[in-house]
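Reading the structure
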Amino acid sequence: FKRIALALIEYVSRFLTEPQTGFFYESQDADVRGAEEGLFVTGTEYYALSESRRLAIGLPHVDQRTFTGSNALMARSYLHAAPVLGKPEIEELALHTLSRLFEQRFDVKRGLAHVETEGVHGLYGLLSDHILFGQALVEAFSATGQSRFLKNAEAIAEVSQQLLQDALHGGFFD
């Protein structure tokens, strides 16, 4: 399992991570549609090939949007994996991702921005983003003992209650 986990982390680092911010891209197609007319390789066929052959064919399309909730999930996964795999560098990447997301996408009046497109943050206040990001921040606090992560999680919880809680009927809006 360790070998597979390390290979997945390496793949994500090479192909699914935004180099400037360290944020994780949203998804990647399984199939490859090539530039040449009619080229189509299914995911099953593609991943059965050697890496050099796959690279010669080209990569499956990567959706390069970076969603807050998905990045929180990846950061949380990396925080879990780091001590098990003996890879402190992935813990650092996770902490950097969480810190940067909080700095760039959290607005006390609007909540968390779901996405950034061409430098503009948008779609604020999705409950799932608030939950996933809050959980990841608590995990970061648990892993490091750094109170800033707990304070950030508390700020997310407060804003979530202010913006998304249905005080009349109970529950939360999404």
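The preceding data block contains the structure.
In what follows, the accompanying structure is described. (Residues numbered from 1 in each chain as written. Predicted model: local features only at pLDDT ≥ 70, side-chain atom pairs only at ≥ 80, totals over all residues. Heavy atoms only, no water.)

1. Notes on the overall build of the chain
Helix and strand counts for the chain come out as seven helices and seven strands. Dimensions of the chain, computed from the C-alpha atoms along their principal axes, are close to 55 × 40 × 30 Å. Of all intrachain contacts in the chain linking residues separated by at least 6 positions in sequence, the fraction that spans at least 24 positions is 57%. Here the chain carries 15 positive and 23 negative side-chain charges, and the mean point of each set is 5 Å from the other. (Helix = DSSP H or I, 4+ residues; strand = E, 2+ residues; numbered from the N terminus. Contact = heavy atoms within 4.5 Å. Lys, Arg positive; Asp, Glu negative; His and termini not counted. Charge placed at Lys NZ, Arg CZ, Asp CG, Glu CD.)

2. Quick look at the nonpolar core
Of all hydrophobic cores here, the largest spans 31 residues; its most connected members are Tyr-78, Leu-98, Phe-133, Leu-137 and Ile-156. With seven residues, the single largest contributor to this core is helix α4 (residues 68–85). Look past the residues within four positions of Leu-98 in its chain and what remains in contact with it is Ala-72, Ala-75, Leu-79, Phe-133, Ala-136, Leu-137, Ala-140 and Phe-149. (Core = buried A, V, L, I, M, F, W, Y, C linked by side-chain atoms within 4.5 Å. Buried < 20%, exposed > 50% of the residue type's maximum accessible area, 1.4 Å probe, protein only.)

3. Some points on the side chain of Thr-68
One can find Thr-68 in helix α4. Judged by its relative accessible area of 1%, Thr-68 falls in the buried class. A polar contact of 3.0 Å, which involves the side chain of Thr-68, links it to the side chain of Arg-105. With residues near it in sequence (within four places) discarded, Thr-68 still touches Leu-101, Arg-105, Leu-112, Ala-113, His-114, Val-115, Asp-129 and Phe-133. (Polar contact = N/O pair within 3.5 Å; in protein donor to acceptor, adjacent residues only side chain to side chain.)

4. Examining the pairing of strand β6 (residues 111–117)
Among the seven residues that make up β6, five are buried, leaving the element largely enclosed by the rest of the structure. Bridge count between strand β5 (residues 106–107) and β6: two bridges; the pairing is antiparallel. Among the inter-strand pairings, Phe-106 is bridged to a residue of β6, identified as Leu-112. In textbook terms, the turn of a hairpin is the stretch between consecutive antiparallel strands, and for β5 and β6 this stretch comprises three residues. The sheet contact formed by β6 and strand β7 (residues 120–124) spans four bridges and is antiparallel. The residue bridging Ala-113 from the neighbouring strand is Tyr-124, located in β7. Where β6 folds back on β7, the antiparallel hairpin that results is connected by two residues, among which Glu-118 adopts a positive phi of roughly 50 degrees. (Pairing = 2+ DSSP bridges.)

5. Examining helix α7 (residues 147–164)
Between its first and last C-alpha, α7 extends 25 Å over 18 residues, near the 26 Å set by a 1.5 Å rise per residue. Within α7, the full set of buried residues consists of Phe-149, Asn-152, Ala-153, Ile-156, Val-159, Ser-160 and Leu-164. Summarising the axial view, the buried residues of α7 lie within an arc of 130 degrees, below the 170-degree limit, and thus occupy one face. Away from its buried face, by an angle of more than 90 degrees, α7 presents the exposed residues Lys-151 and Gln-162. Contact partners of the buried residues in α7: α5 (88–105), β5, β6 and α6 (127–144). (Expected span 1.5 Å × (residues − 1). Arc of directions from axis to C-beta.)

6. Notes on the sheet that holds β6
Two pairing modes exist for strands in a sheet, parallel and antiparallel, and in both the strands are linked by backbone hydrogen bonds. Taken in spatial order, the three strands line up as β5-β6-β7 in an open sheet, and their pairing is antiparallel. Of all strands in the sheet, those bounded by a partner on one side alone are β5 and β7. Its contacts with the sheet put α5 on β5, β6 and β7, and the angle it makes with β6 is roughly 95 degrees. (Axes fitted to C-alpha atoms, helices over the stretch in contact; angles between N-to-C directions.)

7. Some remarks on the pattern of salt bridges
Applying the stated criterion across every chain, the model contains five salt bridges. With a shortest N-O distance of 2.5 Å, Asp-63 and Arg-65 are connected by a salt bridge. With its nearest N and O atoms 2.8 Å apart, the salt bridge here joins Lys-87 to Glu-89. In this structure Glu-89 comes out as partly exposed when scored by relative accessible area, which is 43%. (Salt bridge = Lys/Arg side-chain N within 4 Å of Asp/Glu carboxyl O.)

Spatial relationships are all this shows, so hold off on functional conclusions.
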